[in-house]
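Residue-level structural notes
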Amino acid sequence: MASTLILLVIGLSWLGALLVWWVGDKRSALQHALAIFFSVASGAASIALIFNASSSTVINLDAGGVFGQFTFVADGLGVYLAAIATVIGSLAVIFSVNYMHGEKGLGRYYAMVLFFIGGMAGLVLTSNLLLMFLFWEITALCSYALIAFHNDDPKAVAGGIKALIITQLGGIGLLAGALILYSQTGSYDFNQMIANPGIINPRLLSGMAFGCLIAAAAKSAQFPFFTWLPDAMEAPTPISALIHAATMVNAGVYLLARFYPAFEAVPGWKISVILVGMISAFISAIMALFANDLKRVLAYSTISQLGYMVFAIGCGGIYASQFHLLSHSVFKALLFLGAGAIIHSVGTRDMREMGGLGKKMPFTRFVFIIGALALAGIPILNGFWSKELVLEAGLTGGPVWAYAIMLITAGLTAFYTFRMVWMVFYGKPSEKHIHDAQPAMKVALAPLALGAVVAWLLAGPFASLLQSTLPAHNIHPASTMEVIVEVIKAPATYVALAVVALGLVSWWQRENLAGVSKAFKWLGTIAENSFGFEAVNKFIVRETQATAEELRDTQTGLLNWNIAGLLIGLIAVIIILVMGG
Amino acid sequence: MINALVAVAMIICAIQAIRVKKLLSAALWLAGCSAMVALMLYLLGAPEIAVIELSVGAGLVTVLFVFAINIIGDEKPVTEPGIPPLIAWALVILSIGILAYLNLPLLSEVIPDLAEIPMASTTIWTDRMLDVILQIVLIFVGVMGVINLISDSKAKEKNQ
Amino acid sequence: MTNIPMIIMLAVLGLVGVGFYALLATRNLIKVIIALQILVKGGLLAMVLAGRIQGQVMVGQSMALTAIVADTIVAVVGLALAVQVRKHHGTIDLKQLTKLKR
């Protein structure tokens with residue numbers, strides 16, 4: 001049962017990708033319909049998969065001696081992330097019907113989206129590290145192709161290339177991890193290593209742990225590789241919602257959570273993870289304070305919230321981090337899709353040119369504010385519960401100074417969220433002709449808004465799902481009620497709420513605090529330059545491209561030289577075989 | 001003895017096929033080489049494969065070559081080599097040398113008898129099902145290739 | 001005393017060597033396809049020989065059959081490509097066909 005469902009989840013989306021591309025751009029109505037059908041079908045299969053979760057291997061394809069067994073496991077961590085990828089994927093596809101109406105290259109767009117959905121589901125469901133690397137690269141490729149979807153816009157292309165190069169370089173860490181695993185155990189199956197990390201030489205294990213941390217930081221746009229995510233906002237907005245908020249950027253968090261039991265004991269690893277998460281959360285919250293581009297604010301807040309998840313993992317709060325991931329996927333997809341409706345209607349991303357949209361877009365305002373409140377961590381929305389759990393995990397499992405900074409970040413989050421809502425929906429109305437979200441957009445936004453309000457009720461079932469299928473992760477089962485009581489009783493909750501309220505009040509009193517904001521003007525200038533890390537990332541991208549440009553000389557384009565290369569390779573392989581054999 | 005003769009003829013045909021300037025003659029030398037390979041296969045006790053090689057390799061492919069060369073026109077090939085001959089020779093000698101060094105000592109003087117050969121059809125249909133499917137796919141591809149060739153020649157006739 | 005496997009192996013090596021050399025040296029697209037044909041003929045002879053020596057006659061032969069089919073298709077598609085290349089670029093000289101490089 002589970003094996004069929006896994007094949008359906010991945011296969012349906014990939015089949016859909018092929019069909020949409022094959023139908024051709026002349027029949028765009030059919031393309032929309034096909035894309036919706038296949039993404040929704042794949043989403044249904046993945047939801048059915050949740051009820052078939054188990055910790056045993058359900059698919060085992062023998063791929064020969066070099067690649068080992070291609071194994072898929074439908075355990076709790078995998079099925080729920082696959083469900084997020086496919087469900088939010090299908091909502092993004094539905095949203096695209098209106099958003100991408102009349103665009104050129106729909107076939108390319110939908111094919112890449114569906115290819116991505118399948119790749120993401122495969123990434124979280126496989127237990128073969130090499131296969132995981134393959135899916136990892138597939139998602140990076142789709143992300144690149146979709147960021148650069150408007151390929152006549154040099155900014156979009158540059159953003160795509162940047163995202164591609166940074167995530168690919170990070171991916172080398174994962175590949176190194178896979179090779180270490182293979183050299184030590186003779187197979188790529190990571191579950192045996194997670195159950196018993198002792199089978200790997202401690203020094204190699206530490207190399208693997210930090211390789212995975214680099215891969216995760218690059219993929220999840222964490223410190224110091226975070227600057228590709230704001231540039232990725234050139235993508236069509238449903239893509240930002242799907243790939244750069246709800247799914248692909250979670251892959252790094254997933255990787256860390258998945259391997260936590262194995263890397264836990266590696267000296268210095270946990271504190272590095274805490275540092276990466278904390279620094280990302282804090283400085284991207286500051287950058288979000290000063291950004292004026294609606295999508296960039298959301299991108300910075302995505303980095304910040306991902307920082308919370310990484311921080312929680314570093315503190316040992318796997319459940320807290322995954323629960324926050326679930327909440328974040330819902331409310332951030334909601335915010336991005338809401339922002340998409342706004343941008344589609346207003347035609348600009350600059351918040352200074354918006355203002356007063358609330359009256360003209362009541363539906364969008366309603367759902368957007370639900371998402372914003374969840375982001376700010378206001379009770380009883382899903383963001384509140386999960387953020388409290390993360391902070392609690394930080395208090396029990398991490399150093400106090402890190403907890404303090406995360407608290408301050410929570411206040412900053414509330415502050416920039418309200419700034420964003422105010423600049424978009426209130427204030428002086430602009431004179432533009434505005435229309436509210438279109439029907440398909442509403443269809444996509446409504447379930448997400450509902451999810452942001454009620455998803456936390458799943459806390460109990462979610463905990464037991466993770467606990468029953470992930471023996472090595474040491475997750476305590478708790479019912480929803482217990483989670484609620486735990487959060488309400490903890491004094492940390494009230495501290496956090498007070499800080500959030502402080503953030504709110506300081507936005508309320510911003511006129512009176514004008515002196516303070518002037519004093520912080522220098523901070524804004526630095527924040528707009530991403531604290532100098534933009535230069536680091538640009539340097540990496542430039543050097544990679546320069547190296548590639550130099551390597552171009554080795555490509556003569558002449559068949560004879562290519563054959564010569566093949567022959568030299570053949571000779572080398574035979575010699576190695578003779579020596580080794 | 002006859003094996004040695006066939007082998008020598010085969011290699012001479014192959015060398016001629018790449019040496020001669022005219023493409024049409026090269027195709028014909030290739031057909032000769034193919035015929036020699038078929039003969040060798042027959043001597044090795046694989047008559048079915050020999051027949052297929054003879055009809056497909058020496059027949060069909062040669063026809064296609066002649067056909068294509070007719071369309072392209074027998075343009076005089078450039079004599080200047082693609083990469084410096086010294087490098088080419090070095091690579092060929094090195095790779096063949098290694099292969100020979102590895103393979104030749106393993107070959108004993110006797111060939112096992114063809115005691116009990118199962119029916120070719122049973123093996124092909126039961127044990128090598130995947131091969132058959134692959135062959136069907138390949139033949140399909142080939143048909144499309146031929147259609148491409150023919151349609152092109154027709155377009156050319158129209159132009160003239 | 002004649003060592004038949006040795007003779008056939010030498011013939012295989014000869015064919016493969018001739019094919020390699022032609023692939024390295026020739027600049028004519030049709031000649032490249034001819035070289036591939038010669039190369040694969042060496043390969044299929046080796047397959048049948050290996051099957052014969054190992055006592056798995058039929059495995060070797062059915063693989064040789066697949067090789068013949070594949071080889072023929074390579075020739076057909078290659079020739080079709082050559083015809084198209086000639087039509088579009090006016091030449092089948094490899095050195096003038098390096099347009100993929102900027």
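Only a predicted model underlies this, so the values are computations on that prediction, with no experimental measurement involved.

Quick word on the overall build of chain A
Along the backbone of chain A there are 26 helices and 2 strands. Principal axes of the C-alpha set define a box for chain A whose edges measure 80 × 55 × 50 Å. In chain A, buried positions account for 56% of the 581 residues.

Quick notes on the overall build of chain B
Looking only at helices and strands, chain B has 6 helices and 0 strands in total. Taken from the N to the C terminus, the helices and strands of chain B come in the order α-α-α-α-α-α. Counting only residues that meet the buried cut, chain B has 26% of its 160 residues in that class. For chain B, the proportion of contacts with a sequence separation of at least 24, taken over those separated by at least 6, is 52%.

Looking at the confidence of the model for chain B
In the predicted model, chain B carries a mean pLDDT of 79, and 78% of its residues have values of at least 70. Across chain B, the element-wise mean pLDDT spans from 62 in helix α5 (residues 120-127) of chain B up to 89 in helix α2 (residues 23-43) of chain B.

Description of the packing of helix α13 (residues 269-290) of chain A against helix α14 (residues 294-314) of chain A
All names here are of chain A. The geometry of α13 relative to α14 is characterised by a closest axis approach of 7 Å and an angle of 160° between their N-to-C directions. The orientation of α13 relative to α14 falls into the category roughly antiparallel. Taken as a pair, α13 and α14 cross one another with a handedness that is left-handed. Residues Lys270, Val273, Ile274, Val276, Gly277, Met278, Ser280, Ala281, Ser284, Ala285, Met287 and Ala288 of α13 lie in contact with α14, whose contacting residues are Val297, Tyr300, Ser301, Ile303, Ser304, Leu306, Gly307, Tyr308, Val310, Phe311, Ile313 and Gly314. Per-class residue counts for the contact of α13 with α14 are 16 nonpolar, 7 polar and 1 charged.

What to know about the interface of chain A and chain B
On the chain B side, the residues contacting the 10 residues of chain A number 8 residues. The residue inventory of the side of chain A that touches chain B, partitioned by class, reads 9 nonpolar, 1 polar and no charged.

Some details on the nonpolar core
Ranked by internal contacts, the top residues of the largest apolar core, which has 219 residues, are Leu114(A), Leu256(A), Phe311(A), Ala333(A) and Leu334(A). Ala35(B), Ile8(C), Leu29(C) and Leu44(C) belong to the second largest nonpolar core, which has 82 residues in total.

Section: the interface of chain C and chain B
Accessible area lost upon the coming together of the parts serves often as the stated size of an interface. Contact with chain C, which involves 63 residues of that partner, is made by 74 residues of chain B. Those elements that provide at least two residues to the side of chain C that touches chain B are α1 (4-25), α2 (29-54) and α3 (57-89) of chain C. Among the elements that line the side of chain C that touches chain B, the one with the most residues is α3(C), at 22 residues. Of the residues that constitute the side of chain C that touches chain B, the class distribution is 43 nonpolar, 13 polar and 7 charged.

Quick look at the environment of Ala41(A)
Residue and element names in this part refer to chain A. Relative to the elements of secondary structure, Ala41 occurs in helix α2 (residues 28-50). Using a count of 18 C-beta atoms within 10 Å as the deciding quantity, one classes Ala41 as partly exposed. Along the sequence, Ala41 and Ser90 sit 49 residues apart, while their C-alpha atoms lie 8.7 Å from each other.

Overview of the environment of Ile47(A)
Residue and element names in this part refer to chain A. As for its placement among the helices and strands, Ile47 is situated in helix α2. A residue is classified by how many C-beta atoms lie within 10 Å of it, and Ile47, with 16 of them, is partly exposed. The spacing of Ile47 and Val79 is 32 residues in sequence and 8.0 Å in space, taken between C-alpha atoms.

As for the packing of helix α17 (residues 382-397) of chain A against helix α18 (residues 400-425) of chain A
Residues and elements named next belong to chain A. Put simply, α17 and α18 touch, their axes get as near as 9 Å, and they point 160° apart. By the angle class used here, α17 and α18 are roughly antiparallel. The element α17 and its partner α18 pack so that their crossing is left-handed. Facing α17, whose interface residues are Lys387, Leu391, Gly394 and Leu395, α18 presents Ala402, Tyr403, Met406, Leu407 and Ala410.

Considering helix α19 (residues 439-454) of chain A
All names here are of chain A. If you check α19, its first and last C-alpha atoms are 23 Å apart, about what 16 residues at 1.5 Å a residue would give, namely 22 Å. Three or more residues of α19 are buried, namely Met441, Ala444, Leu445, Leu448, Ala449, Gly451 and Ala452. Residues of α19 that are buried make contact with α4 (76-99), α15 (318-346), α16 (362-376) and α17.

Quick look at the environment of Leu457(A)
Residue and element names in this part refer to chain A. With respect to the helices, strands and loops of the structure, Leu457 is situated in the loop between α19 and α20 (459-469). Judged by the 15 C-beta atoms lying within 10 Å of it, Leu457 falls in the partly exposed class. Taking the C-alpha atoms as reference points, Leu457 and Ala2, 455 residues apart in sequence, are found 25 Å from one another.

Here we look at helix α1 (residues 2-23) of chain A
Between its terminal C-alpha atoms α1(A) stretches 31 Å, which fits the 32 Å expected from 22 residues at 1.5 Å a residue. Remark: Gly24(A) follows α1(A) within two positions and exhibits a positive phi of approximately 95°.

As for unusual backbone geometry
A positive phi angle is found at Ala221(A), which is not glycine, with a value near 55°. For Ala221(A), a count of 28 C-beta atoms within 10 Å gives the class buried.

What counts and how
- Residues numbered from 1 in each chain as written.
- Chains lettered and ligands numbered in written order.
- Predicted model: local features only at pLDDT ≥ 70, side-chain atom pairs only at ≥ 80, totals over all residues.
- Helix = DSSP H or I, 4+ residues; strand = E, 2+ residues; numbered from the N terminus.
- Buried ≥ 20, exposed ≤ 12 C-beta atoms within 10 Å, placed from the backbone.
- Contact = placed C-beta atoms within 7 Å.
- pLDDT = per-residue confidence, 0-100.
- Axes fitted to C-alpha atoms, helices over the stretch in contact; angles between N-to-C directions.
- Parallel < 35°, antiparallel > 145°, perpendicular 65-115°, else oblique.
- Left-handed = near helix turned anticlockwise from the far one by under 90°.
- Nonpolar A, V, L, I, M, F, W, Y, C, P; charged D, E, K, R; others polar.
- Core = buried A, V, L, I, M, F, W, Y, C linked by C-beta atoms within 7 Å.
- Expected span 1.5 Å × (residues − 1).

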